[in-house]
Amino acid sequence: MLSSSDFASASWDLMVRVDHLNEEQKEVQLSVSGDLHIGGVMLKLVEHINIARDWSDFALWWEQKHCWLLKTHWTLDKCGVQADAKLLFTPQHKMLRLRLPNMKTVRLRVSFSAVVFKAVSDICKTLNIRRSEELSLLKPSDDYFKKKKKKDKNNKEPVTEDILNLESSPTTSGPPVGPGLYSKTMMPMYDPVNGTPASSTMTWFSDSPLTEQNCSILAFSQPPQSAEALADMYQCRSLVDKAKLNAGWLDSSRSLMEQGIQEDEQLLLRFKYYTFFDLNPKYDAVRINQLYEQARWAIVLEEIDCTEEEMLIFAALQYHISKLSSSAETQDFTNESEVDEVEAALSNLEVTLEGGKTDNTLEDITDIPTLADNLKLFRPKKLILKAFKQYWFVFKDTSIAYFKNRELEQGEPIEKLNLRGCEVVPDVNVAGRKFGIKLLIPVADGMNEVYLRCDHENQYAQWMAACILASKGKTMADSSYQPEVLNILSFLRMKNRNSTSPVASSLENTDMNPEHFVSPRCAKKHKSKQLTARILEAHQNVAQMSLVEAKLRFIQAWQSLPEFGVTYYLVRFKGSKKDDILGVSYNRLIRIDAATGIPITTWRFANMKQWNVNWEIRQVAIEFDQNVSIAFTCLSADCKVVHEYIGGYIFLSTRAKDQNETLDEDLFHKLTGGQE
């Protein structure tokens, strides 16, 4: 039997600092024993403080170990907490400033104790952005806001006026409001033409801080920045610069607090994974607009390369979207046609019960289509001029075979090119009637470079679409082939300069500032009038588009750029004496020469057998089919960032339209978390 004096000797003093709203932190000394559970410590603490308030969001943070003590049934002994522990009793939800892709800053309450994957999911529900798994939080480099701060010093207006305050966020305590966006029958509806929120469906979210007005702020594009503002913004120059920018992605398997994020700190909310699943104008006005804005800034700040011809197409679309947005914002939303909630819910339920679209005619084709035509071919060799030679080409399955002429098609081909895993790069100049396809085909010692030249737009669109699908291991029987052909044709037609149309008259009447829509480097190369004329000329091809259609076309054009969706990291491959760039895309890894920017070799995720990380030496090792294995250490970021990118893309490839929108979070962490 133990006496009361024995119990007294087993107890010890524990110091806990308490976070009070608008007050300095206070230290509280508690007498505890090792068998007291965490919940009991918090109860003692609240009784000692003796202030009547809601303490339900408070939890204990262990400063030395840099972790939350959230398992309230665990004892102090089990947690390893002793008398020297420094604990902080603090709210789990704190204010955070987020810079959205449209450069608008929102301030909202976010969980600092949940893992980032869950925190981003809650943020996206607050902002009406579906498919939160495609986004994440990026901690910007120190020089990201450097130039902006210099500019703000000379600016008399306070910067805080730019911030959209959503302080009454539903994430203040506990889970977000109701079923949120993940219920098929409780989604906010938008006008598919102009993206404005249907006011009747916004009443379903009356307790959300995202009111109809705020919703339209996020769903409409912001006015274009001035040329001076663009010049002041940080611009990536080289692949190494881009690699440094990508170092700041937060670890999705750890909380904000565990990663040293402070209350009211500014982070960037960005689309991290470039696989945009199930974009639907009916529900995704905010998502589509933020995607458009991220693409727009990537183009204008030259974070992704494009030709001058493509830059003018993007400028024309921006100008068109800017005009439509400014006119749409002046409309009175109350005049929008009301949508009956019950009818909308029933129609959505009907689609759900029917299992979505049933148009799978193309997927049921058993006889795989082929392409056969005369094309020109060129293989670059040293000291040889670029001379194209005509052959008879046959495209079947995922391979291209070519013959000297059509009559020899039944015999042995001169060469057969397997396009699985290859890089497909457009080599097009519509004005110069040049329709080329550059193929980088992986071989054991690097990449084989092959150029194909088509005669006209239709031929190019068919062969280009077939090459793109073959690079992903798909054939022309796939249902995505025809839409891909149409996308390529529509992009080519946008590039087609209509010199016969009168632009001169509209030039006099326009108030366009062309420097707002192109990169600073492009603006310096041309006079303002010349740029205006060329943008207006390109604008004629897109002038009939609706607002949402123009944004979607901009996103499609961005996706068609050769560098789209590649995230760069500076690495050192095992056995190599020099640094290389590793490009991570949604379906492949690319080893790139850091000096020249030329791809050396490509490895596809489809051929990956396994990958793991040696956490001691911070080395990522990947094993592919045919006994190919690579290993590298990451120099520009922690290897966990690259490991999470690879696992994240593999996780996203498991999504299907017919499945519930609720994600398998455990699978995500299993694929991305690693075993540190």
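Computed from a predicted model, the values in this text were never measured in an experiment.

Parameters and conventions
- Residues numbered from 1 in each chain as written.
- Predicted model: local features only at pLDDT ≥ 70, side-chain atom pairs only at ≥ 80, totals over all residues.
- Heavy atoms only, no water.
- Helix = DSSP H or I, 4+ residues; strand = E, 2+ residues; numbered from the N terminus.
- Buried < 20%, exposed > 50% of the residue type's maximum accessible area, 1.4 Å probe, protein only.
- Contact = heavy atoms within 4.5 Å.
- Areas by Shrake-Rupley, 256 points an atom, 1.4 Å probe, with all protein chains shown as cover.
- Expected span 1.5 Å × (residues − 1).
- Pairing = 2+ DSSP bridges.
- pLDDT = per-residue confidence, 0-100.
- Phe/Tyr/Trp six-rings, centres within 6.5 Å; stacked < 30°, edge-to-face > 60°.
- Lys NZ or Arg CZ within 6 Å of the ring centre and 35° of its normal.
- Core = buried A, V, L, I, M, F, W, Y, C linked by side-chain atoms within 4.5 Å.
- Domains from an automatic or database assignment.

A word on the overall build of the chain
- Looking only at helices and strands, one finds 20 helices and 24 strands in the chain.
- The 676 residues of the chain split such that 51% are buried.
- Here the analysis covers contacts within the chain between residues at least 6 apart in sequence; of these, 64% occur between residues at least 24 apart.
- Total accessible area on the chain stands at roughly 32900 Å², and carbon and sulfur atoms take up 49% of it.

Focus: helix H10 (residues 285-300)
- Helix length check: H10 (16 residues) gives 22 Å between terminal C-alpha atoms against 22 Å at 1.5 Å per residue, within 8%.
- Of the residues one or two after H10, Glu302 is the one with positive phi, at around 55°.

Overview of the pairing of strand E19 (residues 580-584)
- Within E19, five of the five residues are buried, which leaves it mostly tucked inside the rest of the structure.
- Alignment of strand E18 (residues 567-573) against E19, held across five bridges, turns out to be antiparallel. Directly across from Tyr568, in E19, lies its bridge partner Gly583.
- The hairpin turn running from E18 into E19, its antiparallel successor, is six residues long, and Gly575 in that turn takes a positive phi close to 90°.
- Taken together, the five bridges between E19 and strand E20 (residues 588-593) define a ladder with antiparallel strand orientation. Bridge pairing in E20 places Asp580 opposite Asp593.
- The antiparallel hairpin formed by E19 and E20 contains three residues in its connecting segment.

Some points on the pairing of strand E3 (residues 58-62)
- Of all five residues in E3, five are buried; the element is thus mostly enclosed.
- By the alternation rule, side chains of E3 split into Phe58, Leu60 and Trp62 and Ala59 and Trp61, which are all buried.
- By the bridge criterion, five bridges tie E3 to strand E5 (residues 87-91) in an arrangement that is antiparallel. Residue pairing in the sheet places Trp62 in a bridge with Leu87 of E5.
- In terms of strand pairing, E3 meets strand E4 (residues 67-69) through three bridges, oriented antiparallel. If you follow Trp62 over to E4, its bridge partner there is Cys67.
- A loop of four residues connects E3 with E4, the two strands running antiparallel in sequence, and His66 in this loop sits at a positive phi of about 60°.

Overview of the confidence of the model for the chain
- Chain-level statistics for the chain give a pLDDT mean of 82 and a share of 78% at 70 or above.
- A low-confidence stretch, residues 332-340 (pLDDT under 50), is modelled with 14 contacts involving residues beyond four sequence positions or located in other chains.
- With pLDDT under 50 throughout, residues 351-365 is counted as low confidence; its partners more than four residues away or in other chains account for eight contacts.

Quick word on the packing of aromatic side chains
- What the rule picks out here adds up to 30 aromatic pairs.
- On the numbers, 6.0 Å between centres and 85° between planes, the contact of Phe271 with Phe276 is edge-to-face.
- With a centroid separation of 5.9 Å and 70° between ring planes, the pair formed by Tyr274 and Trp558 is classed as edge-to-face. Of this pair, Tyr274 sits in the loop between strand E10 (266-271) and H10 while Trp558 sits in helix H18 (residues 547-559), and the two are 284 residues apart along the sequence.
- Put simply, the rings of Phe271, Tyr274, Phe276, Trp558 and Phe564 touch in pairs and so form one group of aromatic residues.
- Taking the ring centre of Trp297 as reference, the NZ or CZ of Arg296 above it sits at 4.9 Å.

Things to note about the nonpolar core
- Within the largest apolar cluster, 73 residues are counted, with the highest numbers of intra-cluster contacts made by Leu137, Leu256 and Trp558.
- Take this core: its biggest share by element is nine residues, from helix H11 (residues 308-329).
- There are two domains that each give this core at least three residues, and those are domain 1 (11-91) and domain 2 (95-167 + 190-304).
- When near neighbours in sequence (up to four residues on either side) are disregarded, Trp558 contacts Tyr274, Phe276, Leu291, Ala295, Ala298, Ile299, Ile304, Phe314 and Phe564.
- Val424, Ile437, Ala466 and Leu489 belong to the second largest nonpolar core, which has 37 residues in total.

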